[in-house]
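So the chains spell out like this:
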Amino acid sequence: MTRPTREATADLITLPGTPLADAVVDLIQPVETPSVFNHSLRSYLFARLVAGRLGLAVGHDYHDDLLFAACAMHDLGVASDGPHSRRFEVEGADRAAAFLIERGVPAVDADQVWQAIALHTSPGIAERRGTLCVLVREGVALDFGGPLGAGHVDAVTDEQADAVHAAYPRLDMIRSLTDAIVAQAAKNPTNAPRYSIPGEFLRERETFGRTRLEHACRASRWGN
């Protein structure tokens, strides 16, 4: 099997490098655990691979800065400096949209990012709310390796996955992210409505000591 060239690997793991993308990284890196931070960046890299598989062209079908912003900030709701006053998807979406508007991003674009973040745990809904929502949902799902119902888990080759994981290691991401979601959910009942992801994670952890997603991910493509 042909391995990717150094140039192809560099392209695969390269982040946008724009002022907005750099500002997003500066925002999230100090307030997310290293494993959640890496998960957020991998979700973007995987979302780009899904876009290619779907025949979507950057600059025509989607805006790369918006895709990066939405993927990178999709778990901002569990950041250590957050108010933790509503479910993590909505809190993260609110923070992300406000951050973008403060930096001159048009409100209509900031709202696209808001929807993509708020709906990334909502299969069957995100897919009907436009290209950005689809790519964020699929990028995040692909980083879970299958248990979230990713329809494009084979969009990334083993060699591509190795390159992405070498650049941004998993660091026991499933447990780390679940810990953060459960901790945020436990702070206030309004953060964990019944049948929402944070609500079910909290109840499953309290009842079984481990969520069903954590159990499923052990047998997923990435294993953690």
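Provided above is the structure to which this section pertains.
Residues numbered from 1 in each chain as written. Predicted model: local features only at pLDDT ≥ 70, side-chain atom pairs only at ≥ 80, totals over all residues. Heavy atoms only, no water.

## Concerning the pattern of salt bridges
Taken as a whole, this structure holds 14 salt bridges when the rule is applied. Close ionic contact of aspartate 81 with arginine 95 constitutes a salt bridge, the shortest N to O distance being 3.0 Å. Of the two residues, aspartate 81 sits in the loop between helix H4 (64-72) and helix H5 (88-102) while arginine 95 sits in helix H5, which places them 14 residues apart along the sequence. A relative accessible area of 22% places arginine 95 in the partly exposed class. We note a salt bridge from aspartate 179 to arginine 205, for which the minimum N-O separation is 2.7 Å. Here arginine 205 lies in helix H10 (residues 197-208) and aspartate 179 lies in helix H9 (residues 173-186), a separation of 26 residues in the sequence. Overall, arginine 205 belongs to the buried group, its relative accessible area being 19%. Through salt bridges that share partners, Asp172, Arg175, Asp179, Arg205 and Glu214 make up one connected network. (Salt bridge = Lys/Arg side-chain N within 4 Å of Asp/Glu carboxyl O. Helix = DSSP H or I, 4+ residues; strand = E, 2+ residues; numbered from the N terminus. Buried < 20%, exposed > 50% of the residue type's maximum accessible area, 1.4 Å probe, protein only.)

## Description of the packing of helix H2 (residues 19-28) against H5
In contact at an axis separation of 12 Å, H2 and H5 are set at 135° when each is read in the N-to-C sense. Here H2 is positioned oblique relative to H5, judged by the angle of their axes. You can see that H2 and H5 cross each other, and the crossing is right-handed. Facing H2, whose interface residues are Leu20, Ala23, Val24 and Leu27, H5 presents Arg95, Phe99 and Leu100. Class assignment of the residues belonging to the contact of H2 with H5 gives a composition of 6 nonpolar, no polar and 1 charged. (Axes fitted to C-alpha atoms, helices over the stretch in contact; angles between N-to-C directions. Parallel < 35°, antiparallel > 145°, perpendicular 65-115°, else oblique. Left-handed = near helix turned anticlockwise from the far one by under 90°. Contact = heavy atoms within 4.5 Å. Nonpolar A, V, L, I, M, F, W, Y, C, P; charged D, E, K, R; others polar.)

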